[in-house]
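Structural characterization, general
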Amino acid sequence: MRSFCYPLLLVVIALLLLPLSTLARPFVLVLTPEDLSDAGSQSSDSAADGGDASDWDEFGDSDTKPDDELDPGSWRPILDPDSGSEPATEDEAVYYSGVAKVIAAASSGGPRVMEEAASEIEAAATAGNPHAQSALGFLYEMGMTKERNKAKAFMYHYFAADGGNTQSKMALAYTYSRQDSFQEYGRVSIRLPATKGSEMHDKAVVLYAELAEIAVNSFLISKDSPVMEPVRLHNGAEENKDALRKSRGEEDEDFQILEYQAQKGNAAAMYKIGIFYYFGLRGLRRDRAKALLWFLKAVEKGEPKSMELLGEMYARGAGVERNYTKALEWLTLASQRLFSAYNGMGYLYVKGYGVEKKNYTKAKEYFQKAADHDEAGGHYNLGVMYLKGVGVKRDVKLACNYFIMAAKEGQPKAFYQLAKMFHTGVGLKKDLRMATALYKLVAERGPWSSLSRWALESYLKGDVGKAFLLYSRMAELGYEVAQSNAAWILDKYGERGMCIGESGFCTDAERLQCVHSLWWQASEQGNEHAALLIGDAYYYGRGTERDYDRAAKAYMHAKSQSNAQGMFNLGYMHEHGQGLPFDLHLAKRYYDEALQHDSSAKLAVTLALMSLWVRKNYASSFLVDMIDSLPEVYPKVEAWVQNVVMEEGNATILTLFSCLLTVLYLRERQRRHAAAAAAAAPEAAQPLLPNEHIPAGPH
């Protein structure tokens, strides 16, 4: 096996942690020799053949806990009335009544209904209901019927988290993680002392570790589970039509074709449909009964992946009565053609489920078979065995190697183990920032991520107000895609009156402030389009004070992600000395770099280079003044076209006038051609003179 702990070795793990989304950004983990230097010191030479299987907590038990238990106080009972959840107390009933009115107000109810909802939620929060406190924190964060107040939002989330609300724990962890080196108060950034930033990370990492553990315990036994990542609604400024089309569930044409193929006996199609229903993917509601039906049909055709999933279902009691004996039978059948099934078999032997007794040797044998065929689950499970010393001699260095290999294949549980190593300093050098980042990636796969499904479903049905509300809730929890989606919806549809502010519908200032805040959060997490929009906001003073220095920093952030528009904007700022030093050479370098990264920028770059040439050779001429005046003239021309030319009545008149001119031009052109033809006809009819002859044609 290739070792990852040699000196001077740089290990780069690049993977899509959320593999089902075409828009997930890769997370790149870089381990240096310093990170790995302490790995060997934690190994134990003591025999561990008698390792306690109770330490096998990283693999989780096969009990399937309901989502309401994993995510108490979630909005699921309102968004999915068929879930069967009923309020346990009177305060909880008031809370859910308030949440229902919040959602109704976002859809079509307006400010009056939102005020009623806020009153009910506040009453339940005052009575000590932690879930109502969480919702009240959200209202203060967004400024809905309340003054926008981050301090009060933090306070209510703190109390809610203390009362067991997991979504408030997510919100708090995200807030702490943002306070590493600076804290924003209004529009002023105050840099915190290094010790203060360290305290914030200490708090963030503890919360994210707890949330990541909840998420990991909900994962599959035998293999990595798919994830419902929030679909990005837009590509830059345009709607992401392709991703949205694939999220329409049974109405999607591709799904209908797949269903037709399954009905005609295609086993692979049967398995895919079963997966969609089992996890609630591609816009479908989770339905394990339908999933079971399709898996059973697929196994009749000998489809091995369906056999493995049936083993999973029987082991967990998901949609069927738990039966470990049947689970082992299905997994054994699947293992004849599918190496990942060995992971589930190894798990059953570790636990002693469905077999005569626990057998760690047999379990290791199965995990090794999976690992030998590059199955990420096999590497992960061997890593746990060596980390815990279950059936083998404890070896943290070897465990670290296995976790790294599993992480290369996108195994989220391996990321969880690496996060624990960075957190505790066991196997890897202690690094709370890295631990926080890894825990966050895993935690975002928890049951609270189901909000994304309802948000997307609302958007596809045209209920953009409800979609904005749900994406805003997820944005508060730290989901970058949700932050981007909420900002884009508010930018695109804000005129519909779906944004509710402190007193009635949002004013322009409140809407711009909300958009700016959402784009800012998304840009902090690496969204280059958001960074561009933040730069534009500071450059033009949209929703904030004009600040060329901050605009330049935002464009620099976009440029660092190879964004051509960011490069072009930096060149322009160097050319005009706005927020950056006046430097024509650097301006040209950025313009050229923009063209190298995006060939469609050729026209803009050509014009910019012409401007540079004029500025360099005719620095004091009127041409430079004319070029500098264009940014002021263009908005006026654009406004004139929008207000005068594009006004409905004027546009109709101008269109008719243009048609008339076109008809007159074509008639005049036809008349001239006819006159020219008539003048040429007599000349062609004249007889030849005696001495003239017709030249002979070519032979």
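Residues numbered from 1 in each chain as written. Predicted model: local features only at pLDDT ≥ 70, side-chain atom pairs only at ≥ 80, totals over all residues. Heavy atoms only, no water.

Per the secondary structure count, the protein chain includes 32 helices and six strands. Put simply, the protein chain has 699 residues, and 49% of those count as buried. Relative to all contacts within the protein chain whose residues are 6 or more apart in sequence, the contacts with residues 24 or more apart total 60%. Of the accessible surface of the protein chain, which amounts to about 34,200 Å², a share of 53% is contributed by carbon and sulfur atoms. (Helix = DSSP H or I, 4+ residues; strand = E, 2+ residues; numbered from the N terminus. Buried < 20%, exposed > 50% of the residue type's maximum accessible area, 1.4 Å probe, protein only. Contact = heavy atoms within 4.5 Å. Areas by Shrake-Rupley, 256 points an atom, 1.4 Å probe, with all protein chains shown as cover.)

This brings us to the pattern of salt bridges. Scanning all chains against the criterion turns up 22 salt bridges. Each of D242, R245, D252, D254 and R282 takes part in a single network of salt bridges with overlapping partners. (Salt bridge = Lys/Arg side-chain N within 4 Å of Asp/Glu carboxyl O.)

Here we come to helix 12 (residues 267-279). With 13 residues, helix 12 extends 19 Å from end C-alpha to end C-alpha; this agrees with the ideal 18 Å at 1.5 Å per step. Taken across its 13 residues, helix 12 has eleven buried, putting it largely inside the fold. Looking only at helix 12, the buried set comprises A267, A269, M270, Y271, I273, G274, I275, F276, Y277, Y278 and F279. Elements in contact with the buried residues of helix 12: helix 11 (253-263), helix 13 (288-300) and helix 14 (304-316). The N-cap residue of helix 12 is N266: its side-chain oxygen and the backbone nitrogen of A268 are 3.0 Å apart. Backbone geometry just after helix 12 places G280 at a positive phi near 70°. (Expected span 1.5 Å × (residues − 1). Polar contact = N/O pair within 3.5 Å; in protein donor to acceptor, adjacent residues only side chain to side chain.)

Here the focus is the packing of aromatic side chains. Per the counting criterion, the structure on display carries 25 aromatic pairs. Seen from their ring centres, Y380 and F403 are 5.8 Å apart, and the 45° between their planes marks the pair as tilted. Placement of the pair is Y380 in helix 18 (residues 376-388) and F403 in helix 19 (residues 396-408), with a sequence separation of 23 residues. When the ring of Y459 is compared with that of Y493, the centres are 6.3 Å apart and the planes differ by 70°; the resulting orientation is edge-to-face. One end of the pair, Y459, is in helix 22 (residues 451-460); the other, Y493, is in helix 24 (residues 480-493), with 34 residues separating them in the sequence. Here the two residues Y459 and Y493 agree in accessibility, since each one is buried. Ring-pair connections join several aromatic residues into one group, and the members of that group are F154, Y158, F159 and Y176. The ring of Y278 has R288 lying over it, and the distance from NZ or CZ to the ring centre is 5.2 Å. (Phe/Tyr/Trp six-rings, centres within 6.5 Å; stacked < 30°, edge-to-face > 60°. Lys NZ or Arg CZ within 6 Å of the ring centre and 35° of its normal.)

Taken as a whole and judged by the stated rule, the model has one disulfide. The disulfide bridge from C499 ends at C506, spanning 2.0 Å between sulfur atoms. An S-S torsion of about -60° defines the bridge between C499 and C506 as left-handed. Judged by its relative accessible area of 5%, C499 is buried. (Disulfide = S-S within 2.5 Å.)

For helix 21 (residues 432-443), built from twelve residues, the straight-helix expectation of 16 Å at 1.5 Å per residue is met to within 8% by its first-to-last C-alpha distance of 16 Å. Most of helix 21 sits inside the fold, with nine of its twelve residues counted as buried. Every buried residue belonging to helix 21 is among L432, M434, A435, T436, L438, Y439, K440, V442 and A443, and all of these are buried.

For the pair helix 5 (residues 111-126) and helix 6 (residues 130-142), the least separation of the axes is 8 Å and the interaxial angle reads 135°. As the angle between them shows, helix 5 and helix 6 are arranged oblique. Where helix 5 crosses over helix 6, the handedness of that crossing is left-handed. Listed contacts from helix 6 to A118, I121, E122, A124 and A125 of helix 5 are A132, Q133, A135, L136 and L139. Looking at the contact of helix 5 with helix 6, its residues break down into eight nonpolar, one polar and one charged. (Axes fitted to C-alpha atoms, helices over the stretch in contact; angles between N-to-C directions. Parallel < 35°, antiparallel > 145°, perpendicular 65-115°, else oblique. Left-handed = near helix turned anticlockwise from the far one by under 90°. Nonpolar A, V, L, I, M, F, W, Y, C, P; charged D, E, K, R; others polar.)

This part covers the nonpolar core. Counting 177 residues, the largest nonpolar core has W75, F295, Y439, Y459, F468, Y471 and I489 as its most contacted members. Considering each element in turn, this core owes the most residues, eleven residues, to helix 9 (residues 194-217). In contact with F468, other than residues within four places in its own chain, are M142, M144, A486, I489, L490, M498, C514 and L518. Listed in part, the eleven residues of the second largest apolar core include A564, M567, F568 and A608. (Core = buried A, V, L, I, M, F, W, Y, C linked by side-chain atoms within 4.5 Å.)

With that settled, the discussion passes to a nonpolar patch on the surface. Side chains of F154, M155, Y158 and F159 sit close together on the surface and give an oily, nonpolar patch of about 370 Å² of accessible area. Locating F154 in the fold gives a position in helix 7 (residues 150-162). (Patch = residues over 30% accessible without salt bridge, like charges linked within 9 Å, V, L, I, M, F, W, Y side chains within 5 Å.)

Take unusual backbone geometry next. Positive phi is not limited to glycine here, since D374 has a value of about 60°. Its place among the elements puts D374 in the loop between helix 17 (360-372) and helix 18. Given the relative accessible area of 58%, D374 is considered exposed. Here S562, not a glycine, exhibits a phi torsion of approximately 60°, which is positive.

A separate point is the packing of helix 27 (residues 548-559) against helix 28 (residues 564-576). Remark: helix 27 packs on helix 28, axes separated minimally by 8 Å, with the N-to-C direction vectors making an angle of 145°. With respect to the hand of their crossing, helix 27 and helix 28 are arranged in left-handed fashion. Of helix 28, the residues touching helix 27 (which contributes Y548, A551, A552, Y555, M556, A558 and K559) are G566, M567, N569, L570 and M573. Its residues assigned to classes, the contact of helix 27 with helix 28 shows nine nonpolar, two polar and one charged.

A word on the environment of D372. By secondary structure assignment, the location of D372 is in helix 17. C-alpha of D372 to C-alpha of F339: the two residues are 33 residues apart in sequence and 9.2 Å apart in space.

Another point: the environment of Q596. One can find Q596 in helix 29 (residues 584-597). When the C-alpha positions of Q596 and A564 are compared, they lie 8.3 Å apart, and in sequence the two are 32 residues distant.

Predicted confidence across the protein chain gives a mean pLDDT of 80, with 78% of residues reaching 70 or more. Contacts of residues 1-30 to residues separated by more than four positions or lying in other chains number 78 contacts, the stretch itself having pLDDT below 50. Note that pLDDT drops below 50 for residues 39-60; the model gives that stretch 62 contacts with residues more than four away or on any other chain. (pLDDT = per-residue confidence, 0-100.)

In this section: the environment of E312. In this fold, E312 is placed in helix 14. Considered as a pair, E312 and A341 are 29 residues apart in the sequence and their alpha carbons are 9.5 Å apart.

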